[in-house]
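# An overview of the molecular structure
The chain contents come next:
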Amino acid sequence: MRKILIADDEHKIVMTLEYTFRKNGYEVFIARDGSEVLELLKEEIPDVILLDVMMPNVDGYTTIQEIKKQEKLKNCKVVFLSAKTNPVDIEKGLKLGADAYVTKPYSIKKLTQQIDELLEI
């Protein structure tokens, strides 16, 4: 079973994504900020991390930098899902190693297709 970690501080977004990915056969893990992501990654290695940029405590940019330092996570795909739509923000996310950058609002259908493609399902 594919594993996905959803990291976002917006409850409605998390609930929608969790429901959608569970329905599509994923094992889903939830984090509310970057520090929870990093804690969870000590125990689990997801196939993909869906990461918001603007989160409390530790933001998405800092989180991906920590993820990319860990050898055991090198095959883990990271997708930013953010309200930050400025080209500079998108470029920064991709330069930090994200496999994709999706802006909010987004199409849940397109997002799931994009993640399936990244994982070559």
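The structure under discussion appears in the preceding block.
Just so it is clear, the structure is predicted and the values come from calculations on it, not from any experiment. (Residues numbered from 1 in each chain as written. Predicted model: local features only at pLDDT ≥ 70, side-chain atom pairs only at ≥ 80, totals over all residues. Heavy atoms only, no water.)

## A word on the pattern of salt bridges
- Under the definition given, this model contains 11 salt bridges.
- Measuring nitrogen to oxygen at the nearest pair gives 2.7 Å for the salt bridge that ties Arg-22 to Glu-18. Linking Arg-22 with Glu-18, this pair stays in helix H1 (residues 11-23), spanning four residues, or about one helical turn.
- With relative accessibility at 43%, the residue Arg-22 sits in the partly exposed group.
- The class for Glu-18 is buried, based on a relative accessible area of 19%.
- Sharing partners across several salt bridges, the network here consists of Asp-8, Glu-10, Asp-52 and Lys-104. (Salt bridge = Lys/Arg side-chain N within 4 Å of Asp/Glu carboxyl O. Helix = DSSP H or I, 4+ residues; strand = E, 2+ residues; numbered from the N terminus. Buried < 20%, exposed > 50% of the residue type's maximum accessible area, 1.4 Å probe, protein only.)

## Observations regarding the pairing of strand S5 (residues 100-103)
- In this sheet, S5 lies alongside strand S4 (residues 77-82) in parallel orientation, the contact comprising four bridges. Along S5, the bridge assignment pairs Phe-80 with Tyr-101.
- Regarding the hand of the β-α-β motif, the stretch spanning S4, helix H4 (residues 87-95) and S5 is right-handed. (Pairing = 2+ DSSP bridges. Right-handed = clockwise from strand over helix to strand, strands pointing away.)

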